[in-house]
Amino acid sequence: MSKELINPQQFAKASRILEEIPQLNQEQLEELKSLYEVAFGKLKKDQLLVGKVISADSNGVLVDISYKSNGMIPRYEFADHELKALKPGMDIDVLLDELESIDGNVVLSYEKAKALKAWDKIIKLHEENKPVEGVVTHTVKGGLSVDIGIPAFLPGSQVDVQRVTDFESFVGQIITASIIKVNKKRGNVIVSRRKYLSEQKSEVRKKILDTIQPGQVIQGIVKNITNYGAFIDIGGVDGLLHITDMTWGRISHPSEILKISSPITIQVLSIDKDNNKISLGMKQLTENPWSKLSDVIKVGSKVKGKISSITDYGMFVEIENGVEGLVHISEVSWTDRINDLSKHYKVGQEVEALVVALDKDNRRMSLSIKQLEDNPWKSVSEKFKVGQKVKGTISNITDFGIFITLTPGVDGLAHVSDLSWTEHIEHPADLYKKGQEIEAMVLAVDETNKKISLGIKQLSQDPWENIEQEFPVSKIVEGEITKITNFGAFVKLSTGIEGLVHISEAEQDGKKIDDVLKVGQKREFKVINSSKTDRKLGLSLNLEETVKKEPKKVVAPKAAAPAKEKKEPKVKERTENKPKSSLQLELEKFKNK
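First things first, this report covers the structure right here in the doc.

Rules used in this analysis
Residues numbered from 1 in each chain as written. Predicted model: local features only at pLDDT ≥ 70, side-chain atom pairs only at ≥ 80, totals over all residues. Heavy atoms only, no water. Helix = DSSP H or I, 4+ residues; strand = E, 2+ residues; numbered from the N terminus. Buried < 20%, exposed > 50% of the residue type's maximum accessible area, 1.4 Å probe, protein only. Contact = heavy atoms within 4.5 Å. Areas by Shrake-Rupley, 256 points an atom, 1.4 Å probe, with all protein chains shown as cover. Expected span 1.5 Å × (residues − 1). Polar contact = N/O pair within 3.5 Å; in protein donor to acceptor, adjacent residues only side chain to side chain. Pairing = 2+ DSSP bridges. Axes fitted to C-alpha atoms, helices over the stretch in contact; angles between N-to-C directions.

As for the overall build of the protein
Turning to step 1, where the next piece is worked out: Per the secondary structure count, the protein includes nine helices and 30 strands.
Turning to step 2, where the next piece is worked out: A burial count over the protein gives 33% of its 593 residues as buried.
Turning to step 3, where the next piece is worked out: Residue pairs at least 24 apart in sequence account for 58% of intrachain contacts in the protein once pairs closer than 6 positions are excluded.
Turning to step 4, where the next piece is worked out: Surface accessibility of the protein: about 39100 Å² in total, with carbon and sulfur atoms responsible for 50%.

Considerations on helix H4 (residues 193-211)
Turning to step 1, where the next piece is worked out: Given a rise of 1.5 Å per residue, 19 residues ought to cover 27 Å, and the 27 Å separating the end C-alpha atoms of H4 matches this to within 8%.
Turning to step 2, where the next piece is worked out: Three or more residues of H4 are buried, namely Arg193, Tyr196, Arg205, Ile208 and Leu209.
Turning to step 3, where the next piece is worked out: In this structure serine 192 caps H4, since a side-chain oxygen of it lies 3.0 Å from the backbone nitrogen of lysine 195.

Remarks on the sheet that holds strand E3 (residues 71-74)
Turning to step 1, where the next piece is worked out: Read around the closed barrel, the five strands follow the order E1-E2-E3-E5-E4; overall the barrel is mixed. Between one strand axis and the next, the sheet turns by 50° as a mean value, whatever way the strands run.
Turning to step 2, where the next piece is worked out: Judged from the three bridges that link them, strand E4 (residues 91-98) and strand E5 (residues 106-109) form a sheet pairing that is antiparallel. If you follow leucine 96 over to E5, its bridge partner there is leucine 108.
Turning to step 3, where the next piece is worked out: Here helix H3 (residues 110-127) sits on the sheet in contact with strand E1 (47-56), E3, E4 and E5, set at roughly 105° to E4.

As for the sheet that holds strand E22 (residues 401-407)
Turning to step 1, where the next piece is worked out: Here we have five strands rolled up into a closed barrel, ordered E21-E22-E23-E25-E24, and mixed in their pairing. Neighbouring strand axes in the sheet, compared pairwise and without regard to direction, differ in orientation by 50° on average.
Turning to step 2, where the next piece is worked out: Here strand E23 (residues 410-415) runs beside strand E25 (residues 451-455); their pairing, made up of two bridges, is parallel. Its bridge partner lying in E25, alanine 414 is registered against leucine 454.

Here we look at unusual backbone geometry
Turning to step 1, where the next piece is worked out: Here the phi dihedral of lysine 450 falls at roughly 55°; this positive angle occurs in a residue that is not glycine.
Turning to step 2, where the next piece is worked out: With respect to the helices, strands and loops of the structure, lysine 450 is situated in the loop between strand E24 (437-446) and E25.
Turning to step 3, where the next piece is worked out: The partly exposed category is assigned to lysine 450, whose relative accessible area is 39%.

Focus on the environment of valine 204
Turning to step 1, where the next piece is worked out: On the secondary structure map, valine 204 appears in helix H4.
Turning to step 2, where the next piece is worked out: When the C-alpha atoms of valine 204 and glycine 235 are compared, they prove to be 8.1 Å apart, with 31 residues separating the residues in sequence.
Turning to step 3, where the next piece is worked out: Not counting residues within four places of it along the chain, the set of residues in contact with valine 204 comprises Gly235, Gly236 and Val237.

Let's talk about the environment of aspartate 245
Turning to step 1, where the next piece is worked out: Of note, aspartate 245 is situated in the loop between strand E13 (238-242) and strand E14 (263-272).
Turning to step 2, where the next piece is worked out: Since its relative accessible area comes to 17%, aspartate 245 is described here as buried.
Turning to step 3, where the next piece is worked out: On a C-alpha basis, the gap between aspartate 245 and glycine 281 in space is 5.0 Å, while along the polypeptide they are 36 residues apart.

Okay, structure coming up:
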């Protein structure tokens, strides 16, 4: 409200003069003074008042403070949630900024009143280590701004006990936090919701740890599921239900029997107050099926069950509810080489097996399917003797040899070195095919380790046995060039034996071995050495070289001596006939003196 300017001409003139000025008695004067003090004397600048809300609009909030005029509080001093909560007639704390401004208005401040009261409250709560409640107004750099009467800073790392990525989801929420730092001079307050939650959780945990006892059956809610178990909320405190304590049977993952947020009944197994850990169990609520396992099931007995799971190393078979046995992959078949069980068996399939080991205390049972049949290796040493010729079918070919099935379930190995006396075999698949019928000789039998060594080359005579008699030194032989290397050429003879022509025996008249010999070429060679022990045969292209060289080796030393004797005089003569230098003449004169 603005003041009205009044001109002197506006004053009214009284046509009647009061004969007597009214006099007030003492009581009236006191009452008038009291009214004046109420209206003016008690209202001072920066005074905290309680007013009543008259109205609230886009301009601000109009407040009655029992003065001649009402006060207006600007709209920006209120948060959205505070404006929504205001209603006409509601009491509100305000601070008297000015009793009368230049415009004649009463100036009030809600923000300053709130801050004035808040600081006293905050300092007291901080000293008493008590939490404060506030409303998250907006996000700021590095965290959130919380209205606790004054703006307080909530760092992002202190928002929750777990890492928070979406700060916007907290805007508008009423939160409770601990006051960790107060600086009234700078107007700074830092709060921590994480600290408050941790303290509350610690108190709840301590209370629960003092309440529950091992063996007690309690209710909980599945909070989180991991590969090794599940965390159960038991009234604000988490306990671990390990996967091995969920069921007497076997499961691959806890999610097979548990779901997040689902209620669950568990038993307290152990409590570690020092480390605040609670171990829970679910299978303990039912009787251990291994303890009441039928006496019929024992080592050597036949059992039937359904395959509950298949792994790389074997398959688990459920014999009774909660009782499983393991059939290792090596115990599936005597004859078949099984690498992937899922190709031969399916989960839920019924199988029969033999109990080969049983440990009720540790809940372990080993089963075997192949031992329901006779071991084909049991009498193999009686069927197959060393030196015996056998027939079989090639079951597998590898780079180190071929496997030959002699009888169902019994395979022998013919190593690559026992395939041929003469051939250099790079891979057996070059000569043999899977399923091919073949003859071999038994070289060794190891019934304990289930191994039979076979040989194919042993079916024929070793061509190296009589190599020294058949191919003596200096004999001329005919062969075919099969391979040329940087050190010589390999020559295959009619008997299948390969001999080597070294480069020193092949290169002639400055020509290299590649120019002299070609793969597939047939020609004559001379044997220069043969060894049965080393299984080597040396050849040469020089068919008559040995005969020509022998006389030269004997004559050469005698012819060399006279040559030197003839040369020495010639050298001496040339030296004597050479003109003497001036230095030599002077030396001779010196000697003569």
